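Here's the letter readout for the chains.
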Amino acid sequence: MIKIAPSILSADFARLAEEIQKVENAGADYLHIDVMDGHFVPNITLGPPVVAALRPRSALVFDVHLMIEAPERFVISFAEAGADILTVHAEATRHLDRTIRLIREKGMRAGVALNPATPLSAIEYVLPLVDQVLLMTVNPGFGGQRFLAEVVPKIASLRRLLDRRGIPLDLEVDGGIGPETVAVAVGAGANVLVAGSAVFGAASVAAAVRELRAATANKK
């Protein structure tokens with residue numbers, strides 16, 4: 001099943017609770033929450049207190065994406081804040097399997113993310129341990145970037161690998177996702193679509209979510 005995950009990185013932070021209510025009313029499946037530390041990526045966003053403040057305001061699945069160094073330091077904090085899915089970058093932690101196990105021990109679904117230039121071999125050994133793989137389709141750090149078509153073969157390769165091994169996890173893509181790129185991403189095998197400016201930058205959030213869902217039917 002295709003899941004739409006609007007990213008609050010592109011939301012109006014002065015009206016964040018209202019923005020989240022809009023995407024929930026529009027029928028989004030997840031709320032994608034990008035956490036950046038200014039070290040792993042060249043930007044700073046938010047932390048556990050913001051997630052905790054938003055948790056009572058929404059019934060959406062909180063899909064928290066940690067773009068931070070040594071993410072294992074904050075697993076417990078985000079669990080307590082109300083994250084449902086916690087995704088860490090393979091490039092950011094020395095002991096990936098240990099971090100993944102900690103995430104699951106704390107009652108969250110575990111995800112692992114890869115930057116565009118990182119090969120799939122970096123995560124093959126942990127695939128049975130995770131619930132979701134996030135492939136970045138831009139170099140992370142800022143919203144509104146152009147979708148990197150060079151990542152499409154990587155998406156397809158991962159989907160073939162998962163199908164061949166019978167591993168039933170979600171394949172999420174993040175970066176440059178909009179009506180014009182959804183079909184390519186879904187056609188390659190993605191089933192969770194993170195969209196920031198394509199949703200929060202639209203005149204109508206509800207119409208934007210509907211357009212994304214409609215575009216998935218035209219997978220290439």
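Computed from a predicted structure; not experimentally measured.

S.K.: Is there a simple way to think about the overall build of the protein chain in this case?
M.R.: When you go through the protein chain residue by residue, the secondary structure sums to eight helices and eight strands. Each principal axis of the C-alpha atoms in the protein chain carries an extent, and together these give about 45 × 40 × 30 Å. The buried share of the protein chain, taken over its 220 residues, is 56%. As presented, the protein chain carries roughly 9400 Å² of accessible surface, and 52% of it is formed by carbon and sulfur atoms.

S.K.: I keep staring at the pairing of strand β8 (residues 192–195) and nothing clicks. Help me out?
M.R.: As a general feature of sheets, a regular strand has side chains that alternate between the two faces. Side-chain alternation along β8 places Val 192 and Val 194 on one buried face and Leu 193 and Ala 195 on a second face that is also buried. Inspection of the sheet shows strand β7 (residues 170–174) paired to β8 by three bridges, in the parallel sense. Across the sheet, residue Asp 174 finds its bridge partner in β8, namely Val 194. In terms of handedness, the path from β7 via helix α6 (residues 182–188) over to β8 forms a crossover that is right-handed.

S.K.: Explain the sheet that holds strand β4 (residues 85–89) here, please?
M.R.: Through backbone hydrogen bonds, the strands of a sheet pair up, either in parallel or in antiparallel fashion. Pairing is parallel in the open sheet, where eight strands are placed in the order β1-β8-β7-β6-β5-β4-β3-β2. Unpaired on one side and paired on the other, β1 (3–6) and β2 (30–36) mark the two borders of the sheet. Going from strand to strand, the sheet's axes swing by 25° on average, the running direction of each strand aside. The sheet contact formed by β1 and β8 spans four bridges and is parallel. Bridging across to β8, Ala 5 finds its partner in Val 194.

S.K.: Explain the layout of surface pockets to me, please; I cannot follow it from the model alone.
M.R.: Empty pockets left among the atoms are what a rolling probe the size of a water molecule brings to light. Roughly 280 Å³ of volume is contained in the largest pocket. Lining the largest pocket are 26 residues, and of these Gly 143, Gly 144, Asp 174, Gly 175 and Gly 176 lie nearest its centre. Those elements that place two or more of their residues in the lining of the largest pocket are β2, β8 and α7 (197–200). Of the residues belonging to the lining of the largest pocket, the class tally is 11 nonpolar, 12 polar and three charged.

S.K.: So what exactly am I meant to see when it comes to the packing of aromatic side chains here?
M.R.: Working definition: an aromatic ring pair is given by the centre-to-centre distance plus the angle between the planes. Here the structure, examined in full by the defined rule, presents zero aromatic pairs. Directly above the ring of Phe 62 sits Arg 55, whose terminal nitrogen or CZ lies 3.6 Å from the centroid.

S.K.: How should I be thinking about the environment of Arg 104 in this particular structure?
M.R.: Within the element layout of this structure, Arg 104 appears in helix α4 (residues 96–105). Classification of Arg 104 as partly exposed rests on a relative accessible area of 40%. Put simply, Arg 104 and Val 75 are 29 residues apart on the chain and 9.8 Å apart in space, counted from C-alpha to C-alpha. Residues within four places of Arg 104 in sequence aside, it is in contact with Ala 110, Pro 128, Leu 129, Val 130 and Asp 131.

S.K.: Before we go on, may I ask you to explain the side chain of Asp 37 in this structure?
M.R.: Here Asp 37 shows up in the loop between β2 and α2 (48–54). The side chain of Asp 37 sits in the buried core without any salt bridge; Arg 73 is the nearest counter-charge, 5.0 Å away. Separated by 2.8 Å, the side chain of Asp 37 and the backbone nitrogen of His 39 make a polar contact. Within the structure, Asp 37 has its side chain in polar contact with the backbone nitrogen of Glu 69 (distance 2.8 Å). For Asp 37, the residues in contact, after removing those within four places along its chain, are Asn 43, Ile 44, Met 67, Ile 68 and Glu 69.

S.K.: Even after reading the chapter, I still don't get the side chain of Ser 58, so can you show me in this structure?
M.R.: On the secondary structure map, Ser 58 appears in the loop between α2 and β3 (61–67). At 2.9 Å, the side chain of Ser 58 forms a polar contact with the side chain of Glu 24. In this view, Ser 58 contacts Ile 20 and Glu 24; residues no more than four positions away in its chain are not counted.

S.K.: Would you mind showing me how to read the pattern of salt bridges here?
M.R.: When their charged atoms lie close together, side chains carrying opposite charge are able to pair. Scanning the model with the defined rule gives eight salt bridges in all. As a salt-bridge pair, Lys 22 and Glu 19 come within 3.6 Å of each other at their nearest N and O atoms. With a gap of three residues between them, Lys 22 and Glu 19 both fall in helix α1 (residues 16–25), about one helical turn apart. By relative accessible area, which is 6% here, Glu 19 ends up buried.

Definitions and limits used
Residues numbered from 1 in each chain as written. Predicted model: local features only at pLDDT ≥ 70, side-chain atom pairs only at ≥ 80, totals over all residues. Heavy atoms only, no water. Helix = DSSP H or I, 4+ residues; strand = E, 2+ residues; numbered from the N terminus. Buried < 20%, exposed > 50% of the residue type's maximum accessible area, 1.4 Å probe, protein only. Areas by Shrake-Rupley, 256 points an atom, 1.4 Å probe, with all protein chains shown as cover. Pairing = 2+ DSSP bridges. Right-handed = clockwise from strand over helix to strand, strands pointing away. Axes fitted to C-alpha atoms, helices over the stretch in contact; angles between N-to-C directions. 1 Å grid on protein atoms, 1.4 Å probe; cavity = no way out; pocket = protein on both sides within 12 Å on 5 of 7 lines; lining within 4 Å. Points joined across faces, edges and corners; volume = space filled by probe spheres on them. Nonpolar A, V, L, I, M, F, W, Y, C, P; charged D, E, K, R; others polar. Phe/Tyr/Trp six-rings, centres within 6.5 Å; stacked < 30°, edge-to-face > 60°. Lys NZ or Arg CZ within 6 Å of the ring centre and 35° of its normal. Contact = heavy atoms within 4.5 Å. Lys, Arg positive; Asp, Glu negative; His and termini not counted. Salt bridge = Lys/Arg side-chain N within 4 Å of Asp/Glu carboxyl O. Polar contact = N/O pair within 3.5 Å; in protein donor to acceptor, adjacent residues only side chain to side chain.

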